[in-house]
Number of protein chains: 2
Amino acid sequence: MTHKAAFTAVKTVKAYERVVEQIEGAISTRELRPGDRLPSERELMLTFEVSRSTIREALRVLESTGLVRSRPGDPRGPEVLQASPAILTKTVNRLVRLETIALEELVEFRIMLEGAACTLAAQHRTEDQLQTMRAAVDAMRAEVKHGPIAFSRADVAFHVSVWEASHNQLIQICGEAARGALIDMVAEELDRAPNSQAKMELSLAHDREILGAISAGDGPTAGRLARSFVIEYYGDIMSLKNRAALGAADDVALS
Amino acid sequence: MTHKAAFTAVKTVKAYERVVEQIEGAISTRELRPGDRLPSERELMLTFEVSRSTIREALRVLESTGLVRSRPGDPRGPEVLQASPAILTKTVNRLVRLETIALEELVEFRIMLEGAACTLAAQHRTEDQLQTMRAAVDAMRAEVKHGPIAFSRADVAFHVSVWEASHNQLIQICGEAARGALIDMVAEELDRAPNSQAKMELSLAHDREILGAISAGDGPTAGRLARSFVIEYYGDIMSLKNRAALGAADDVALS
DNA sequence: CAGAGTGTACTGGTCTGACCATATATTTCA
DNA sequence: TGAAATATATGGTCAGACCAGTACACTCTG
């Protein structure tokens, strides 16, 4: 070797990727803001000096990441969108469903998220959100007489209001994904042993307890209650071994 | 109106979207598994009866979501990929950068995941995994003298081994995503105040403590230690207000 | 002058067909 | 048997074309 220049690995960068990078960069530096319009595809191919196919492929990946939206016929060009966690939801959902995940892992994940959400909700909830949660619990009580399906819908609404009150979108998104996947996995078990009157009353009482702790601003208690209730709820349909492990974890192990 | 047929909203579905749906569906039903090869673009245009541009646009969005990868010249066709947290990291990253998700949310998320991972690792670790973790800590000690970059690489390796020992893929994936996004966000702050010798020694001591608790099977302690160390680590670069809130949460609130 | 209807120019979606560099598989050769 | 040359199909890119639809300006009408 006659020189010591610091060579670096070379990777072929595809044309459409460089287009994506530039537009994505302009968006992340606020050069392009939500509501702004991109030039039309035919203009873009002139400024980037590539063919329209390349421009289109770039726009497709930008669109799939939720950064822009193209509508046919709109003379104003593709629109720059407001960033939204919706795309994250989709990704997390796919991940949860795609990965081969044991039921117990999913339950652990859910326990952890539910606990954290309740803890944070106790710390961060606003008065308005407290009202919403109270209303959700009242709705649950009203739905007890309308059967398990209506009741569990109201139950979900309560949990969603708690997640919102946690002011943590990541926990909210992952929590919803975990809940959805979990319900899919245990749907048959739930069908076989649907929520009885007694079970509904129990859930209601539990949620009331949680609400009390959140209302009092007692995060640790809210979290502990939430975890133990989730464990109790899914305990029936998990193997005895897992029941034991998670049960022991109830008050301390997952703290 | 002469009939009451239940009409439903009609949306034009673009051709490439239907291609995406079908391939995505095949992947999510395990009909296509990681490592499998898709037919070549020219074959796909025959089976879907669309043009190659349409196929390519579909492949671009599948590629941008991390489901497949196309390599030029490979006669075996596009490869179906294993789901990875990388895409999650990127998405979270962008959302934080665009201020759709607050940095403190990300830190809270990380705290929760790290704590849960350590707690579960203490319960579920095998002897082999314990060995791996011990080796990782030893490697950290050895890397102290090789500077911050080498050290933090070893630090990451230790955390990865803990995540693996938790036997929970969801926590592992989300943990990696959160860590990756967080590091990207605070990279500049870290550059400004790189890990000093003292800081490295401190991290090493912390990880040793955690390893001790995991080794002893003491989940609660492992979790509590992990949470407080993460808080300590990121406390400097967070606002005072958040520091206070999370600091108070240290031993109890996030439990 | 205001509002309803009409045109029209340009947009995005799709298609066809072509060229290139490259990764793999096959064949050839030593 | 092993290495080198070749063949082949692949993905990346390009050019040019057509169509259905939207937004906007322009009518025409009252």
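Structure: above.
Residues numbered from 1 in each chain as written. Chains lettered and ligands numbered in written order. Predicted model: local features only at pLDDT ≥ 70, side-chain atom pairs only at ≥ 80, totals over all residues. Heavy atoms only, no water.

K.L.:
In this structure, what is going on with the packing of helix H4 (residues 86-98) of chain A against helix H4 (residues 85-97) of chain B? I would like to understand it.
P.N.:
Two quantities define a packed helix pair, namely the angle between the helix axes and the distance between the axes. At a minimum axis distance of 10 Å, the contact between H4 of chain A and H4 of chain B shows a crossing angle of 160°. Comparing their axes, H4 of chain B and H4 of chain A come out roughly antiparallel. In the packing of H4 of chain A onto H4 of chain B, the handedness of the crossing is left-handed. Residues Ile87, Leu88, Thr91, Val92 and Leu95 of chain A of H4 of chain A touch H4 of chain B, and the partners they reach there are Ile87, Leu88, Thr91, Val92 and Leu95 of chain B. A class-by-class count of the residues in the contact of H4 of chain A with H4 of chain B yields eight nonpolar, two polar and no charged. (Axes fitted to C-alpha atoms, helices over the stretch in contact; angles between N-to-C directions. Helix = DSSP H or I, 4+ residues; strand = E, 2+ residues; numbered from the N terminus. Parallel < 35°, antiparallel > 145°, perpendicular 65-115°, else oblique. Left-handed = near helix turned anticlockwise from the far one by under 90°. Contact = heavy atoms within 4.5 Å. Nonpolar A, V, L, I, M, F, W, Y, C, P; charged D, E, K, R; others polar.)

K.L.:
What is the right way to read the environment of Glu63 of chain A from this model?
P.N.:
All names here are of chain A. Looking at the secondary structure, you find Glu63 in helix H3 (residues 52-64). With 15 residues separating them along the chain, Glu63 and Pro78 place their C-alpha atoms 9.5 Å apart. There is a polar contact of 3.3 Å between the side chain of Glu63 and the backbone nitrogen of Ser70. (Polar contact = N/O pair within 3.5 Å; in protein donor to acceptor, adjacent residues only side chain to side chain.)

K.L.:
Would you mind going over the protein's contact with DNA strand D with me for this structure?
P.N.:
Not every one of the 31 residues close to DNA strand D is listed here, only the nearest: Ala15, Ser51 and Thr54 of chain A together with Arg52 and Arg56 of chain B. Among all atoms of DNA strand D positioned within 4 Å of the protein, those belonging to sugar or phosphate total 62%. One of the side-chain N or O atoms of Thr54 of chain A is found 2.7 Å from a phosphate oxygen in DNA strand D. In the environment of DNA strand D, a phosphate oxygen lies 2.3 Å from a nitrogen or oxygen atom belonging to the side chain of Arg56 of chain B. For the surface near DNA strand D, the secondary structure elements donating two or more residues are helix H1 (15-28) and H3 of chain A together with helix H2 (41-48) and helix H3 (52-64) of chain B. (Near = heavy atom within 4 Å.)

K.L.:
What exactly am I supposed to notice about the interface of chain A and chain B here?
P.N.:
A common way to express how large an interface is: the accessible area buried when the components associate. In this assembly, 55 residues from chain A lie in contact with 55 residues from chain B. The contact between chain A and chain B buries some 4900 Å² in all, and 62% of this surface belongs to carbon and sulfur atoms. Across the chain A-chain B interface, the total number found is seven salt bridges. Scanning the region where chain A abuts chain B turns up 18 residue pairs in polar contact (both at pLDDT 80 or more). Broken down by secondary-structure element, the contributors of at least two residues to the side of chain A that touches chain B are H1, H3, H4, helix H5 (103-124), helix H8 (169-192), helix H10 (219-235) and helix H11 (240-253) of chain A. Top contributing element to the side of chain A that touches chain B by residue count: H5 of chain A, with 11 residues. Class assignment of the residues belonging to the side of chain A that touches chain B gives a composition of 27 nonpolar, 15 polar and 13 charged. (Buried area = accessible area lost by both parts, 1.4 Å probe. Salt bridge = Lys/Arg side-chain N within 4 Å of Asp/Glu carboxyl O.)

K.L.:
I would appreciate a short explanation of the packing of helix H6 (residues 127-143) of chain A against helix H7 (residues 148-165) of chain A in the present structure.
P.N.:
Residue and element names in this part refer to chain A. Direction vectors running N to C along H6 and H7 enclose 170°, while the axes themselves pass 8 Å from each other. The orientation of H6 with respect to H7, classified from their angle, is roughly antiparallel. Of the residues in H7, those touching H6 at Gln129, Thr132, Met133, Ala136, Val137, Ala139, Met140 and Glu143 are Ala150, Phe151, Ala154, Asp155, Ala157, Phe158, Ser161, Val162, Glu164 and Ala165. Considered class by class, the residues forming the contact of H6 with H7 number 12 nonpolar, three polar and three charged.

K.L.:
Before we go on, may I ask you to explain the packing of aromatic side chains in this structure?
P.N.:
The description of two aromatic rings rests on the distance between their centres and on the angle between their planes. All names here are of chain A. If you walk through the whole model with that rule in mind, you get two aromatic pairs over all chains. Between the aromatic rings of Tyr233 and Tyr234, the centroid separation amounts to 5.0 Å while the plane-to-plane angle is 85°, which identifies the pairing as edge-to-face. For Tyr233, a relative accessible area of 33% translates into the label partly exposed. (Phe/Tyr/Trp six-rings, centres within 6.5 Å; stacked < 30°, edge-to-face > 60°. Buried < 20%, exposed > 50% of the residue type's maximum accessible area, 1.4 Å probe, protein only.)

K.L.:
Teacher, can you tell me more about the relation of the copies chain A and chain B here?
P.N.:
For these two chain copies, the linking operation is a rotation about an axis paired with a shift along it. The transformation that overlays chain A on chain B combines an axial shift of 0.5 Å with a rotation of 178°, and the residual RMSD is 2.7 Å. Classification of the inter-copy transformation places it as that of a two-fold axis. The share of interface residues of chain A whose copies in chain B are also at the interface is 95%, consistent with both copies meeting through the same surface. (Least-squares fit on C-alpha atoms with pLDDT ≥ 70 in both.)

Keep in mind these numbers describe shape, not what the thing actually does.
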